[in-house]
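# Notes for the structure review
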Amino acid sequence: MKKYFKLMLFLPFLMAFQCEENDPAPLDRLEETGLFGRWEIQDEVLNGVISDMLPRCCEFLEFEPDDNVSDYFGLLTYKGNGLVNSGTFEVDIINQTVVFIDDDNDEFTFEFEVDQGQKQLTIDYTEGGANYTQTWIKIY
């Protein structure tokens, strides 16, 4: 009887420690956007016309999570043409837009669409009166 009593006394403590280990880490809300990862540019259309017939390369966007999993903010880095520009971004899920604020506090807004397989990203934006549509392919 004494062994049974000791087991009953320690059982709740053992169960409490067991539950803490099984709690999965919360997913970042940005996961649902499909933006996380590294993307390489494939083509660009300027005012409805392909900007050139040469394949695009060597421009990259990298979307990463920040420390807060409950918001739509993250970290964004652009690398290309000898330029590295990094900062934070915020996604507006309803309007499918991203607002990127770089380390110099310059702000850049673009519309985005990620395909069903989360392998292709399309970005639309206007700059200097010109309309751009870029296609990016996920490389990881």
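For the structure, check the block above.
One structure accompanies this document, and this report is about it. (Residues numbered from 1 in each chain as written. Predicted model: local features only at pLDDT ≥ 70, side-chain atom pairs only at ≥ 80, totals over all residues. Heavy atoms only, no water.)

### Quick word on the packing of aromatic side chains
For the structure shown, the criterion picks out four aromatic pairs. On the numbers, 5.1 Å between centres and 90 degrees between planes, the contact of Phe63 with Phe89 is edge-to-face. You can see Phe63 sitting in strand β3 (residues 59-65) and its partner Phe89 sitting in strand β5 (residues 83-92), a full 26 residues away along the chain. Comparing Phe63 with Phe89 shows no difference in burial state: the two are buried. Both rings, one in Phe108 and one in Tyr125, keep their centres 5.0 Å apart while their planes meet at 70 degrees; by these two values the pair is edge-to-face. Of this pair, Phe108 sits in strand β7 (residues 107-114) while Tyr125 sits in strand β8 (residues 120-127), and the two are 17 residues apart along the sequence. By relative accessible area, Phe108 is classed as partly exposed at 27%. Taking the relative accessible area as the measure of exposure, Tyr125 reaches 11% and is therefore buried. Each residue in the set Phe108, Phe110, Tyr125 and Tyr132 is aromatic and connected to the rest through ring pairs, giving one cluster. Looking at Arg38, its charged tip hangs above the ring of Phe60, at a distance of 4.1 Å from the centre. (Phe/Tyr/Trp six-rings, centres within 6.5 Å; stacked < 30°, edge-to-face > 60°. Helix = DSSP H or I, 4+ residues; strand = E, 2+ residues; numbered from the N terminus. Buried < 20%, exposed > 50% of the residue type's maximum accessible area, 1.4 Å probe, protein only. Lys NZ or Arg CZ within 6 Å of the ring centre and 35° of its normal.)

### Comments concerning the side chain of Glu59
Its location among the elements puts Glu59 in strand β3. In this structure Glu59 comes out as buried when scored by relative accessible area, which is 7%. A distance of 2.8 Å separates a polar atom in the side chain of Glu59 from a polar atom in the side chain of Tyr78. When sequence neighbours within four positions are dropped, the list of residues in contact with Glu59 reads Trp39, Glu40, Ile41, Tyr78, Lys79, Gly80, Asn81 and Trp136. (Polar contact = N/O pair within 3.5 Å; in protein donor to acceptor, adjacent residues only side chain to side chain. Contact = heavy atoms within 4.5 Å.)

### Quick notes on the pairing of β5
Relative to β5, strand β4 (residues 73-80) runs antiparallel, the two being bridged by eight bridges. Each residue of the ladder has a partner; that of Leu76, found in β5, is Gly87. Where β4 hands over to β5, the hairpin turn is made up of two residues, of which Asn81 adopts a positive phi near 55 degrees. Between the antiparallel neighbours β5 and strand β6 (residues 97-102) lie four residues, among them Gln96 with a positive phi of about 55 degrees. (Pairing = 2+ DSSP bridges.)

### Notes on the nonpolar core
Formed by 23 residues in total, the largest nonpolar core has its most connected members in Leu35, Leu61, Phe63 and Leu121. Elements that contribute at least two residues to this core include exactly β1 (37-46), β3, β4, β5, β6, β7, β8 and β9 (130-138). Look past the residues within four positions of Leu35 in its chain and what remains in contact with it is Phe63, Phe89, Val91, Val98, Phe112, Val114 and Leu121. (Core = buried A, V, L, I, M, F, W, Y, C linked by side-chain atoms within 4.5 Å.)

### Focus on the environment of Asn131
Summarising the element assignment, Asn131 is placed in strand β9. Once residues lying within four places of it in the same chain are set aside, the contact partners of Asn131 are Val45, Leu46, Asn47, Tyr125 and Thr126. Here the side chain of Asn131 touches Thr126 through a polar contact of 2.8 Å, side chain to side chain.

### Things to note about the pairing of β9
Pairing geometry for β1 and β9, over seven bridges, is antiparallel. Note on β9: the bridge partner recorded for Trp39 is Lys138. Linkage of β8 to β9, two consecutive antiparallel strands, is achieved through a turn of two residues, within which Gly128 is found at a positive phi near 60 degrees.

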